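Letter by letter, the chains look like this.
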Amino acid sequence: LAKTTQPISMDSYEGQEVNITCSHNNIATNDYITWYQQFPSQGPRFIIQGYKTKVTNEVASLFIPADRKSSTLSLPRVSLSDTAVYYCLAGAGSYQLTFGKGTKLSVIP
Amino acid sequence: EADIYQTPRYLVIGTGKKITLECSQTMGHDKMYWYQQDPGMELHLIHYSYGVNSTEKGDLSSESTVSRIRTEHFPLTLESARPSHTSQYLCASTPRGGLQETQYFGPGTRLLVL
């Protein structure tokens, strides 16, 4: 499991696009990049997963450059309900998921 | 989205009591996990299972035990609860053939030991 680094916190106004970048310099060839969202008093929720280039689903987009040493989670037009902690993971088949402290996103009205 | 259930959602219990936290999933996932998380803190893996009759300890030492007699059921037991066990316990599972980084979490059990 590669070590990941992401900002501790971010603030954004409602309606803006939010980009959270995660650094994973030691990512291995087989590693996938996975993002989770966690609201207070709830379990984490799987958001998106990718290996390279760009992945998009109904919730977010994930951008991964060619060197794969970083990734960016993009949340379009955030609302107050997107206030949560976002975790970035990089690994492949390891049972030892390390969620770290994540990025606490605060959406401001 | 996976259906994974945890009961009870909240539990207040006295020191020394035996408790079992239930976790069930209806999606046939083979891998299941238990995490412990204090408010505002990181998640820590305490137990995991690759399938029936398979259980392993995670990276955080825990006095709890688990069993996996059926694929869909992964209960966690504390033989003698203590105030230091007060925490949120989260159960998760991974679809068959899926990466272990793809985990679906239950709603959690908030435990308070007095």
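For the structure given in this document, a descriptive report is provided here. On a predicted model such as this, the values are computed, not experimentally measured, just so you know.

Here the focus is the pattern of salt bridges. Where charged atoms from two side chains of opposite charge come close, those side chains can pair. Residue and element names in this part refer to chain B. Under the defined criterion, the tally for this structure stands at 5 salt bridges over all chains. A salt bridge links Glu79 to Lys18, with the nearest nitrogen and oxygen atoms 3.9 Å apart. Within this pair, whereas Glu79 is found in the loop between β8 (76-78) and β9 (87-94), its partner Lys18 is found in the loop between β2 (10-13) and β3 (19-25), the two being separated by 61 residues in sequence. Taking relative accessible area as the criterion, Lys18 reaches 55% and is therefore assigned exposed. The residue Asp30 makes a salt bridge to Lys31 at a minimum N-O spacing of 3.9 Å.

Turning next to the sheet that holds β8 of chain B. All names here are of chain B. Ordered by their spatial adjacency, 4 strands build an open sheet running β1-β3-β8-β7, and the pairing between neighbours is antiparallel. Both outer strands of the open sheet, β1 (4-7) and β7 (65-66), are each paired with one neighbouring strand and no more. Pairing between β7 and β8: 2 bridges, direction antiparallel. Across the sheet, Val66 pairs through a bridge with Leu76, a residue of β8.

What follows concerns the state of the cysteines. Simply put, the disulfide is a covalent bond whose two ends are the sulfur atoms of two cysteines. On inspection of all chains with the given rule, the structure shows 2 disulfides over all chains. Between the sulfur atoms of Cys22 of chain A and its disulfide mate Cys88 of chain A the distance is 2.2 Å. In this structure, the disulfide formed by Cys22 of chain A and Cys88 of chain A twists by about -80° around the S-S bond and is classed as left-handed. Here Cys88 of chain A lies in strand β8 (residues 84-91) and Cys22 of chain A lies in strand β2 (residues 18-23), a separation of 66 residues in the sequence. In this structure Cys88 of chain A comes out as buried when scored by relative accessible area, which is 1%. Between the sulfur atoms of Cys23 of chain B and its disulfide partner Cys91 of chain B the distance amounts to 1.8 Å. Between Cys23 of chain B and Cys91 of chain B, the disulfide has an S-S torsion of -75° and is therefore left-handed.

All names here are of chain A. Within the element layout of this structure, Thr53 appears in strand β5 (residues 53-56). Sequence spacing of Thr53 and Ile8 is 45 residues, and the spatial spacing of their C-alpha atoms is 25 Å. Sequence-distant contacts of Thr53, defined by excluding residues within four places in its chain, comprise Leu62, Phe63 and Ile64.

Basis of the calculations
- Residues numbered from 1 in each chain as written.
- Chains lettered and ligands numbered in written order.
- Predicted model: local features only at pLDDT ≥ 70, side-chain atom pairs only at ≥ 80, totals over all residues.
- Heavy atoms only, no water.
- Salt bridge = Lys/Arg side-chain N within 4 Å of Asp/Glu carboxyl O.
- Helix = DSSP H or I, 4+ residues; strand = E, 2+ residues; numbered from the N terminus.
- Buried < 20%, exposed > 50% of the residue type's maximum accessible area, 1.4 Å probe, protein only.
- Pairing = 2+ DSSP bridges.
- Disulfide = S-S within 2.5 Å.
- Contact = heavy atoms within 4.5 Å.

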